[in-house]
Amino acid sequence: MTRWAGFMAVAMLALAAATGVLLRFGLYLGMPSWGENFNAVRHAHSHLMYFGWVTLGLMALIWHYLPDYTGEAAPRAARAQLIVTAGLALASFPAFWQNGYGLTPVAGRALPLGAMVSGFNGLAWFWFIWLYVRATRRLAMRPLPVHLWDWGLALMLLASAGALGVAATAMTHSSSIFLQQFFLHLFLDLFAVGWFLLGLLGVIWAGLARQGMQLPHLPAMSLAVALSPTFVLGMSPAAVTSGMLWLAAIANGVAMALLARHWLALWGRRSHLPLLLWFALAALGVHLLATLTVLIPGVWRWSAGTQLRVYVLHNFLLGWVSSGLLASLVMAVGQAVGSTVARRWQVTTWGWMAGVTVMLVALAGLGLVSLIPVAPLVWLRLAAWSSIVPATVALCAALMLLPLGPHTRQPHEEWRIREHAV
Ligand code: HEM
């Protein structure tokens, strides 16, 4: 199950990354006629990354590691749930491609295909949450990975309320910039800094526990609570009062301090982590430092007028979340089918790290173009050409995970409750 779902998730990463390459070249050469609506294609890219790559990948890994704590195999319905989640995530790509959240003519009727498919995706996530709650409700104590997943899923629910709000403001044609910004960022930002961050931390700690490591006591609930209001920092300054800004900035400072405890604990165990997770941790470290700068008065308002948002977003989502998830998936699949996959993967890791680093440097350059005397076109070209590398590596990784090998062994016989983790 892990290998099949991992393959689907990485295949969707490859497709969404190829779309990102198209967008990157589109930014200075113009978009082709078959994808001329830049904003709609950007929605197709970001939603496939969110729904198909990260959400499906995290769910597959949670089902992979959860039996270590429940002592029981993943529920039978987990396979169907992953198949439905994968199918609906894939459907979001054509649904957004033409008109994004706008109306698309289908059989003589104008339908909000993007909003509709997002709603159906939400139902598949609720199914996952329901199965997860049933599988874990009898646990007397909740070890660190389970605790992180609990709170990651709670923030996913909160972010889903934002998705409902986005649909409601679109359907009622609300002209309130505040409501539009509030719901959009509640959904997009909290989904990423809440569900992705806590879900991935849980997966990495579960991977270390499976290697026999003692799990430390680290924050989960307090981290989730502190992260909750930080989505306000993604909103346009025109829609944010100074009271809201300071609440979000202070909460962000607290969240980053709590996150730094995870970072330090993981960095201290780096000899047990693959090289790509070191890279992911480096990107998380940069994120920690970069987001702390919003505590400096004036920096947030100034940065909102630059392209820095695209850099910060991709440093977090590509540098940290995607590198960490890719490394965790390859590790987990390697454990389930033997080490061949993990060994082959070593070769491509360097390509990923080099391509992502150059792309992120170019995005940072674009964001700081008013401070660095380099023409924006140079950064745009560098970002576009370097983006081909991670997209190609994603395709190679998908081919590596192609579930055709005859050697998949059933790991449920080895599942044990790990007392040290409780
Ligand atoms: C090879 C990797 C990637 C490339 C080439 C790429 C490219 C792009 C481009 C060109 C944009 C539009 C930027 C603009 O409007 O100026 C964009 C936006 C975005 N990307 Fe990516 N991206 C990549 C990876 C990712 C990943 C891994 C994620 C999430 C897991 C992601 C999520 C997003 C989001 C949320 C937006 C903003 C969407 C919006 O504001 O509507 N991207 N990306």
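Conventions used here
In this numbering scheme, every chain counts its residues from 1 along its sequence in written order. Reporting of local features is limited, given that this is a predicted model, to residues whose pLDDT is at least 70; pairs of side-chain atoms are given and counted only at 80 or more, and all residues count toward the totals for whole chains, interfaces and linings. In this text, helices come from DSSP runs of H or I with a minimum length of four residues, and strands from runs of E with a minimum of two, each type numbered from the N-terminal end. C-alpha atoms define the radius of gyration, and 2.2 Å times the number of residues to the power 0.38 defines the globule rule. With C-beta atoms placed from the backbone, a residue counts as buried when 20 or more other C-beta atoms lie within 10 Å of its own, as exposed when 12 or fewer do, and as partly exposed for counts between those limits. Contact between residues is assigned whenever the C-beta positions, reconstructed from backbone atoms, fall within 7 Å. Structural elements are reduced to axes, namely lines fitted to C-alpha atoms, with helices fitted over the stretch in contact, and the angle between N-to-C directions of any two is expressed from 0 to 180 degrees. By the definition adopted for this analysis, an angle is roughly parallel if under 35 degrees, roughly antiparallel if over 145, roughly perpendicular if from 65 to 115, and oblique otherwise. Here a crossing is taken to be left-handed if its near helix is turned anticlockwise relative to the far helix by less than a right angle, and right-handed if that turn runs clockwise. Polar here means any residue other than Ala, Val, Leu, Ile, Met, Phe, Trp, Tyr, Cys and Pro, which are nonpolar, and Asp, Glu, Lys and Arg, which are charged; Gly is therefore polar. The span expected for a helix works out to 1.5 Å for each residue beyond the first.

What follows is about the overall build of the protein. Along the backbone of the protein there are 14 helices and two strands. For 422 residues, the compact-globule formula gives about 22 Å, and the C-alpha radius of gyration of the protein, at 21 Å, lands near that figure. Projected onto its principal axes, the C-alpha coordinates of the protein cover approximately 55 × 50 × 45 Å. The 422 residues of the protein split such that 48% are buried. Across the protein, the fraction of contacts at a sequence separation of at least 24, relative to all contacts at a separation of at least 6, is 82%.

Glancing now at unusual backbone geometry. It is generally the case that most residues other than glycine have a negative phi and that most peptide bonds are trans. Even without being glycine, A107 reaches a positive phi, approximately 50°. By secondary structure assignment, the location of A107 is in the loop between β1 (104-106) and β2 (109-111). Owing to 5 C-beta atoms within 10 Å, A107 belongs among the exposed residues under this scheme.

So, about the packing of helix α9 (residues 242-268) against helix α10 (residues 275-292). Two packed helices can be described by the angle between their axes and the distance between those axes. Interaxial distance between α9 and α10 falls to 10 Å at its minimum, and their mutual angle equals 155°. Judged on the interaxial angle alone, α10 and α9 are roughly antiparallel. α10 is crossed by α9, and the crossing has left-handed handedness. Contact residues: α9 offers N252, G253, M256, L259, A260, W263, L266 and W267, while α10 offers L281, L284, G285, L288, T291 and L292. Class assignment for the residues of the contact of α9 with α10 results in ten nonpolar, four polar and no charged.

Attention now goes to helix α1 (residues 2-29). The end-to-end C-alpha distance of α1 is 40 Å, a good match for the 40 Å that 28 residues give at a rise of 1.5 Å each. With respect to burial, α1 is a largely interior element, 20 of its 28 residues being buried.

What follows covers the packing of helix α2 (residues 38-65) against helix α7 (residues 177-210). Contact pair α2 / α7: the axes reach a minimum separation of 10 Å and the direction vectors enclose 35°. As α2 runs across α7, the sense of the crossing is left-handed. Only F191, F196, G199, L200, V203, A206 and R210 of α7 make contact with α2, whose side of the interface consists of Y50, V54, L58, L61, I62 and Y65. Partitioned by chemical class, the residues of the contact of α2 with α7 number eleven nonpolar, one polar and one charged.

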